[in-house]
Amino acid sequence: MATKVIMPQLGESVVEGTVMKWLVKEGDDVEELQPILEVNTDKVNTEIPSPAGGKILKIVVAENATVKAGTVLAWIGEAGERLPDSEMPPRGLAAEKPQEAVSGQPRALTQEREGDVGFVSPVVARMAQEYAIDLHLVKGTGERGRITKKDVLKYLAALEKERGAAAEPAAWETPGEGDLFRPTEMVFRTQPAPPPQSEAQQQPLAAASAGGDTLVPLSIVRKRIAEHMVNSVRTSPHVTTVMEADLKRVVAHREANKPDFSAEGVHLTFTAYFACAVSQALKDFRMVNSSWSEQGIVLHRAVNLGIAVALGEEGLIVPVIKNSDSLSLLGMARAINDLAHRARQHQLQPDDVKGGTFSITNHGMSGSLFATPIINQPQCAILGVGAIKKRVIVTEDDALAIRPMVYLSLTFDHRILDGEVADGFLARVVEILEHWH
Amino acid sequence: MAEMTLIEAIRQAMDEELARDADVFIVGEDVGARGGVFRATQGLIEKYGAERVFDSPLAELSIVGVGIGAALYGMRPVCEIQFADFIYPAFNQIVSEAAKMCYRSNGAWTVPMVIRAPYGGGIGGGLYHSQSVEAFFTHVPGLKVVIPSNPYDAKGLLKSAIRDPNPVLFLEPKKGYRLIRGEVPEEEYLVPLGPANVSRPGSDVSVFAYGMMHYYALQAAEMVASENIAVEVVDLRTLYPVDKETILQSVRKTGKALIVHEDNLTGGYGAEVAAIIASEAFTDLDAPVRRLCGPDVPGVPFSPPMQEWFLPNAEKIAEAIRQLDRF
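Residues numbered from 1 in each chain as written. Chains lettered and ligands numbered in written order. Predicted model: local features only at pLDDT ≥ 70, side-chain atom pairs only at ≥ 80, totals over all residues. Heavy atoms only, no water.

Quick look at the overall build of chain B
The helix and strand tally for chain B stands at 12 helices and 14 strands. A burial count over chain B gives 59% of its 327 residues as buried. Long-range contacts, defined as pairs at least 24 residues apart, comprise 82% of the intrachain contacts of chain B with a sequence gap of at least 6. Per element, the accessible surface of chain B, about 12400 Å² overall, is 56% carbon and sulfur. (Helix = DSSP H or I, 4+ residues; strand = E, 2+ residues; numbered from the N terminus. Buried < 20%, exposed > 50% of the residue type's maximum accessible area, 1.4 Å probe, protein only. Contact = heavy atoms within 4.5 Å. Areas by Shrake-Rupley, 256 points an atom, 1.4 Å probe, with all protein chains shown as cover.)

Description of the nonpolar core
Ranked by internal contacts, the top residues of the largest apolar core, which has 53 residues, are Val 278, Phe 358, Leu 408, Leu 410, Phe 425 and Leu 433 of chain A. Elements that contribute at least two residues to this core include exactly helix H6 (248-263), helix H7 (270-284), strand E12 (305-307), helix H8 (329-344), strand E16 (358-361), strand E17 (381-385), strand E19 (400-413) and helix H9 (419-434) of chain A. Ranked by residue count, the leading element in this core is H7 of chain A, at nine residues. For Val 278 of chain A, the residues in contact, after removing those within four places along its chain, are Leu 305, Phe 358, Ile 360, Leu 383, Phe 425 and Val 429 of chain A. Residues Ala 98, Leu 143, Leu 236 and Leu 285 of chain B belong to the second largest nonpolar core, which totals 48 residues. (Core = buried A, V, L, I, M, F, W, Y, C linked by side-chain atoms within 4.5 Å.)

Considerations on the sheet that holds strand E9 (residues 197-200) of chain B
Residue and element names in this part refer to chain B. Read across the sheet, five strands follow the order E9-E11-E10-E13-E14 without closing on themselves; strand pairing throughout is mixed. The strands lining the two open edges of the sheet, one partner per strand, are E9 and strand E14 (290-294). Sheet twist, expressed as the average angle between the axes of neighbouring strands with direction ignored, equals 25 degrees. Bridge analysis of strand E10 (residues 205-209) against strand E11 (residues 231-235) gives five bridges, and the strand direction is parallel. Paired with Ala 209 across the strands is Asp 235, a residue of E11. Of the strands in this sheet, E9, E10, E11 and strand E13 (257-264) touch helix H8 (residues 211-225), which is tilted by about 170 degrees from E11. (Pairing = 2+ DSSP bridges. Axes fitted to C-alpha atoms, helices over the stretch in contact; angles between N-to-C directions.)

Points about helix H1 (residues 6-20) of chain B
Since one α-helical turn is 3.6 residues long, residues separated by three or four positions face the same way. With 15 residues, H1 of chain B ought to run about 21 Å at 1.5 Å a step, and its terminal C-alpha atoms sit 21 Å apart, in line with that. The set of residues buried in H1 of chain B consists of Leu 6, Ile 7, Ala 9, Ile 10, Arg 11, Ala 13, Met 14, Asp 15, Glu 17 and Leu 18 of chain B. (Expected span 1.5 Å × (residues − 1).)

Things to note about the sheet that holds strand E6 (residues 54-59) of chain A
Residues and elements named next belong to chain A. The four strands are arranged E1-E8-E6-E3 in an open sheet whose pairing can be described as antiparallel. Each of the sheet's edge strands pairs with one partner strand only, and the pair in question is strand E1 (3-6) and strand E3 (29-30). Pairing geometry for E3 and E6, over two bridges, is antiparallel. Each bridged residue has a counterpart across the sheet, and for Asp 29 the counterpart in E6 is Lys 55.

A few points about the interface of chain A and chain B
Taken together, the contacts link 16 residues of chain A with 21 residues of chain B. Our count for the contact surface shared by chain A and chain B stands at four salt bridges. Arg 126 of chain A is paired through a salt bridge with Asp 284 of chain B; the nearest N and O atoms lie 2.6 Å apart. Those elements giving two or more residues to the side of chain A that touches chain B turn out to be helix H1 (122-130) and helix H2 (149-166) of chain A. A total of four residues in the side of chain A that touches chain B trace back to one element, the largest contributor, which is H1 of chain A. Broken down by class, the residue content of the side of chain A that touches chain B amounts to six nonpolar, three polar and seven charged. (Salt bridge = Lys/Arg side-chain N within 4 Å of Asp/Glu carboxyl O. Nonpolar A, V, L, I, M, F, W, Y, C, P; charged D, E, K, R; others polar.)

Focus: the pattern of salt bridges
One pass over the full model with this rule turns up 36 salt bridges over all chains. Measuring nitrogen to oxygen at the nearest pair gives 3.9 Å for the salt bridge that ties Glu 264 of chain A to Arg 334 of chain A. In this pair, Glu 264 of chain A sits in the loop between H6 and H7 while Arg 334 of chain A sits in helix H8, placing the two residues 70 residues apart along the sequence. By the burial criterion, Glu 264 of chain A is buried, and Arg 334 of chain A matches it. Note that Arg 116 of chain B and Glu 172 of chain B form a salt bridge whose closest N and O atoms lie 2.6 Å from each other. Note that Arg 116 of chain B is positioned in strand E5 (residues 114-119) and Glu 172 of chain B in strand E7 (residues 168-173), a separation of 56 residues in sequence. Taking the relative accessible area as the measure of exposure, Glu 172 of chain B reaches 0% and is therefore buried. Counted as one network, the salt bridges with shared partners bring together Glu 16, Glu 17, Arg 20, Lys 155, Lys 159, Arg 163 and Glu 188 of chain B.

Let's talk about the side chain of Lys 155 of chain B
All names here are of chain B. Tracing the sequence through the fold places Lys 155 in helix H7 (residues 151-163). Within the local environment of Lys 155, its side chain forms a polar contact with the side chain of Glu 16, the two groups lying 2.7 Å apart. Beyond its immediate chain neighbours, meaning those up to four positions away, Lys 155 contacts Ala 9, Gln 12, Ala 13, Glu 16, Val 184, Pro 185 and Tyr 189. (Polar contact = N/O pair within 3.5 Å; in protein donor to acceptor, adjacent residues only side chain to side chain.)

Points about the environment of Leu 73 of chain A
Residues and elements named next belong to chain A. Among the secondary structure elements, Leu 73 is positioned in strand E8 (residues 72-77). Considered as a pair, Leu 73 and Ile 59 are 14 residues apart in the sequence and their alpha carbons are 6.3 Å apart. Setting aside its immediate chain neighbours within four residues, Leu 73 contacts Val 5, Ile 6, Met 7, Val 19, Trp 22, Leu 37, Ile 59, Val 60, Val 61 and Val 67.

Some remarks on the side chain of Arg 76 of chain B
All names here are of chain B. Tracing the backbone through its elements, the reader meets Arg 76 in strand E4 (residues 76-80). The charged side chain of Arg 76 is buried without a salt bridge, its nearest counter-charge being Asp 21 at 4.4 Å. Those residues in contact with Arg 76, other than ones at most four positions away along the chain, are Asp 21, Asp 23, Val 24, Phe 25, Pro 112, Ile 162, Arg 163, Asp 164 and Pro 165. (Lys, Arg positive; Asp, Glu negative; His and termini not counted.)

Looking at unusual backbone geometry
The omega torsion across Gln 377 of chain A and Pro 378 of chain A is 0 degrees, close enough to zero to call that bond cis. Tracing the backbone through its elements, the reader meets Pro 378 of chain A in the loop between E16 and E17. Following Tyr 240 of chain B, the chain continues into Pro 241 of chain B via a peptide bond in cis, with omega recorded as 0 degrees. Relative to the helices and strands, Pro 241 of chain B resides in the loop between strand E12 (238-240) and helix H9 (244-254).

Observations regarding the confidence of the model for chain A
For residues with low pLDDT, the predicted coordinates do not support detailed interpretation. Residue and element names in this part refer to chain A. Looking at chain A as a whole, the pLDDT averages 80, with 79% of positions reaching at least 70. Averaged over each element, pLDDT in chain A is lowest for helix H3 (residues 184-187) (41) and highest for E17 (96). Every residue in residues 86-114 is under pLDDT 50, and counting partners more than four places away or in other chains gives 60 contacts. Between residues 167-204, whose pLDDT stays under 50, and residues either more than four places distant or in other chains, the model counts 80 contacts. (pLDDT = per-residue confidence, 0-100.)

Remarks on the packing of aromatic side chains
All names here are of chain A. Under the definition given, this model contains 14 aromatic pairs over all chains. Both rings, one in Tyr 273 and one in Trp 436, keep their centres 4.9 Å apart while their planes meet at 70 degrees; by these two values the pair is edge-to-face. Of this pair, Tyr 273 sits in helix H7 while Trp 436 sits in the segment after H9, and the two are 163 residues apart along the sequence. Classification of Tyr 273 as buried rests on a relative accessible area of 0%. (Phe/Tyr/Trp six-rings, centres within 6.5 Å; stacked < 30°, edge-to-face > 60°.)

This is how it looks when you write it as structure tokens:
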């Protein structure tokens, strides 16, 4: 059966893309994952890998045409294979509705047409579009062979296992979206693939190798982390400013409210307080909730807070709490519980790690007093939260007091912010924490 | 922690609130010396006197009317309607007076009143002692509607309801009064009005229920667990205002929703939950939203086999879950 090449959705907010250049022509033989065209979105140029091996039967969308995500761009199959009648090339382009199977519009319940995938439920339609899946390839196990959400999940897992072995990024993943990593379920369900033995042997070690040294193969996640860190440091001039906060009121509030939260099934962590304080402060300092672009500084209307979650040897991930400024402490604590739990269970959805506008990393969990975190691009700043320690301080009225203190370090992009604004923001965070009620 | 029945938890909540706040009082039919027909107020008249726990005439309109008047004078009345079936004479007082007072007076006056009413079938009560009335009242902004499903929630929710500045209709699943037991902490606690409770997490099918049906939903979830169906059970607890977020979160996870109530199907509360899911989680649905409810007949029949036919139970819920899982 012929396989569709579909315009992938290259990011949450990206609904269409422009075919820049076809790297192949009709009649060419292509291998699976071979780049076959270049697509431009408002953000980036991306090469699209072929979803299957075979012959390019038909190129449907010409160069320089802009079409919606989900639109069929080309067909790949065996020589002489006839395309299904229902899959004729679209007439209009950007205005054209995406193909049925991926448009969110369920098909009829009948199985009359050959190759009909049957009834498509809303969630299956959405996932097919999001992941650019050809539903013909998914085995249905529901009633009358219906493709269920679980079938799609199973298919994606199998697909990723294959792709993971080839260590190729998924077609929809692009740099510049601000995701630290690929979505966890695409990465973690399979073991990191060791590089082929021969390759490892051929490449000389960068560091001098003494007897007994071992080479740890790079996991996909390790590579991603490395790329993002290098990219971030190269992109933004990092400056770090540090302040301290007296958490007396926060600690007391947490002690008093833990049982009530627990009764709601919510574990009240300090992170929730920092997240609330930051979300509130971001509303007062919109410049901090921004991204650099050559046209100007983009002030984000939504406050979407990324929270770094350590996954041990697997690295770390930064799930995002959307519109975190609208959440109460309870809502925030619940959202953090949920995201952290799902991150550790490898159950995050792609959207869970997208769209962050500011990040928090709680390096104090491992005892660190203060650190200089690296910005999660394309955000403007990141807040590092140190360990909460009881220390002796001198109060306003010159008395000695023992207080739970924390160092907060804000790393910011000096292209966007100067020290004064950054310090103003950080001072506001401190003020909110110290006057917690 | 002490294990107790649903009715004991409800009695304890009123006992503690009577002790805590001198403005709290109880009014209703036979709530005094007799201790209520279900013994919800047993022993309270001895402890707090006939000034604070007193019998009313057989006139529900006046029970609620007295409550509204006292509430406007700063008291915290807890009105008991002996059976929810008898609440209709007070409908005008509840809907047109109590629920609108805060809005009508631009916040100057509120009615901090609780109306307790046992509801639902399963006890052989026939047409006039088995009704579920929640759908009539969940249509009324200004009135909170709460239905507990276990002793812990019943106590914590009732205490919150008594302290709430606005009117709360507190419907109690009477079949569960002595059937449902659970742990209740010694120390004081509140359960806030509003949030639903995910009482059993699962990934395959979401079941939304409250009151007695929640009790059966948990049993049904346990029954199908051995068939490899992981059911998420959500106890709605507060029907109005409803906790949309928890409902949507659950559906986003499972993609399949079953709503269970014993009230009649058409125009029932389940329709509202279904509408919320359909309009706000449409692209997360993997199956039609289903409702398992009492049939559209005028009352819960008296004859035992007919009563059985009318009411959803654990087996019927389990079967509906299986169908939805297969879809």
